[in-house]
Amino acid sequence: MAKLVFGMNQSLDGYVDHMAFGPSPTLFHHFIEQARDQVGSVYGRHLYEVMRYWDEDHPEWDAARRDFAAAWRSQPKWVVSRSLKSVGPNATLVDNDIEATIRGLKAQIVGEIQVGGPDLARSLTDLGLVDEYRIYLHPVVLGRGKPFFAGPRPRLRLVASDPIGEDVIRLTYAPA
């Protein structure tokens, strides 16, 4: 059975914003390994459109960016959207019966499936489908933006805390 994991970079005050701060080389390497180990990703429309950046090579990329792109491209993706009409390579559009689709994925696949996007994570949390939350806590205060938890916070229990690099702590929680 698959495990659904929602994980994102977060500021100290609880916001996610890939334009305001990014991963160090150590954390980026961690994300490459994580992408290699995942059996797939489920994205909401907005984050999927951001991640489509990795679908095409860019001449300025270093080896790490090429490695991440290769890992990201190789995994299947399911994109939850009612507004998109098509999705890119190795992706499947999920535009109705999200709960049945995700429950089916969890039952059929073995391994870890990444959940991408706070709004999608809220919907899947409301359905009781998210098995783990990973907060990559950065020493940054944004003061505004999109919160990691887009809705009421579920009751959680701390499973692990791991430093990654010099200034990020990964906090891993499971539903209580």
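Residues numbered from 1 in each chain as written. Predicted model: local features only at pLDDT ≥ 70, side-chain atom pairs only at ≥ 80, totals over all residues. Heavy atoms only, no water.

Caption draft 1: Region of interest: empty space enclosed by the protein. With the rule as written, the count across this model stands at one cavity of 30 Å³ or more. Its volume calculated, the largest cavity comes out at about 70 Å³. What lines the largest cavity is a set of 13 residues, among which Ala-121, Arg-122, Thr-125, Phe-149 and Pro-152 lie closest to the centre. With five residues, the top contributor of residues to the lining of the largest cavity is helix H5 (residues 118–126). (1 Å grid on protein atoms, 1.4 Å probe; cavity = no way out; pocket = protein on both sides within 12 Å on 5 of 7 lines; lining within 4 Å. Points joined across faces, edges and corners; volume = space filled by probe spheres on them. Helix = DSSP H or I, 4+ residues; strand = E, 2+ residues; numbered from the N terminus.)

Caption draft 2: Here's a closer look at the pairing of strand E1 (residues 2–10). By the criterion of burial, E1 is predominantly enclosed, with eight of the nine residues buried. In this sheet, strand E6 (residues 111–116) lies alongside E1 in parallel orientation, the contact comprising five bridges. The partner of Ala-2 across the bridge, within E6, is Gly-111. (Buried < 20%, exposed > 50% of the residue type's maximum accessible area, 1.4 Å probe, protein only. Pairing = 2+ DSSP bridges.)

Caption draft 3: Region of interest: the packing of aromatic side chains. Using the criterion set out here, one finds twelve aromatic pairs in the structure. Their ring planes at 40° and their centres at 5.6 Å tell us that Phe-28 and Phe-68 sit as a pair that is tilted. With Phe-28 in helix H1 (residues 25–37) and Phe-68 in helix H3 (residues 63–74), this residue pair connects regions lying 40 residues apart in the sequence. The same class applies to Phe-28 and to Phe-68, which are both buried. Seen from their ring centres, Tyr-53 and Trp-54 are 5.0 Å apart, and the 80° between their planes marks the pair as edge-to-face. One aromatic cluster in this structure is built from Phe-28, Tyr-53, Trp-54, Trp-61 and Phe-68. (Phe/Tyr/Trp six-rings, centres within 6.5 Å; stacked < 30°, edge-to-face > 60°.)

Caption draft 4: Quick peek at the layout of surface pockets. Roughly 1100 Å³ of internal volume is contained in the largest pocket. Lining the largest pocket are 42 residues, and of these Met-8, Asn-9, His-18, Leu-47 and Met-51 sit closest to its centre. In terms of residue class, the lining of the largest pocket is built from 21 nonpolar, 15 polar and six charged. The computed volume of the second largest pocket comes to approximately 180 Å³. Lining the second largest pocket, in full, are Gly-44, Val-80, Ser-81, Arg-82, Val-94, Asp-95, Ile-98, Asp-119, Leu-120, Arg-122, Ser-123 and Leu-127. (Nonpolar A, V, L, I, M, F, W, Y, C, P; charged D, E, K, R; others polar.)

Caption draft 5: Representation of the sheet that holds strand E5 (residues 91–94). Across the sheet, eight strands lie side by side as E5-E4-E3-E6-E1-E7-E10-E9; this open sheet has mixed pairing. Bordering the open sheet on either side are E5 and strand E9 (156–164), each of which pairs with just one other strand. The sheet shows a mean angle of 25° between the axes of neighbouring strands, taken without regard to direction. Of the strands in this sheet, E1, E6, strand E7 (132–137), E9 and strand E10 (168–175) touch H1, which is tilted by about 160° from E7. (Axes fitted to C-alpha atoms, helices over the stretch in contact; angles between N-to-C directions. Contact = heavy atoms within 4.5 Å.)

Caption draft 6: Molecular detail of the packing of H1 against H3. Direction vectors running N to C along H1 and H3 enclose 25°, while the axes themselves pass 8 Å from each other. With respect to H3, the axis of H1 lies roughly parallel. Judged by the sense of rotation from one axis to the other, the crossing of H1 with H3 is left-handed. Contact residues: H1 offers Phe-28, Phe-31, Ile-32, Ala-35 and Arg-36, while H3 offers Ala-64, Arg-65, Asp-67, Phe-68 and Ala-71. When its residues are assigned to classes, the contact of H1 with H3 shows seven nonpolar, no polar and three charged. (Parallel < 35°, antiparallel > 145°, perpendicular 65-115°, else oblique. Left-handed = near helix turned anticlockwise from the far one by under 90°.)

Caption draft 7: Highlighting the side chain of Lys-106. Mapped onto the elements of the fold, Lys-106 is located in helix H4 (residues 98–108). By relative accessible area, Lys-106 is classed as buried at 6%. The contacts of Lys-106, once residues within four sequence positions are left out, are Met-1, Ala-2, Leu-4, Leu-129 and Asp-131.

Caption draft 8: Summary view of unusual backbone geometry. Non-glycine residue Asn-90 carries a positive phi angle of around 60°. Along the chain, Asn-90 turns up in the loop between strand E4 (77–80) and E5. Since its relative accessible area comes to 37%, Asn-90 is described here as partly exposed. Even without being a glycine, Asp-97 presents a positive backbone phi close to 45°. Structurally, the position occupied by Asp-97 is in the loop between E5 and H4.

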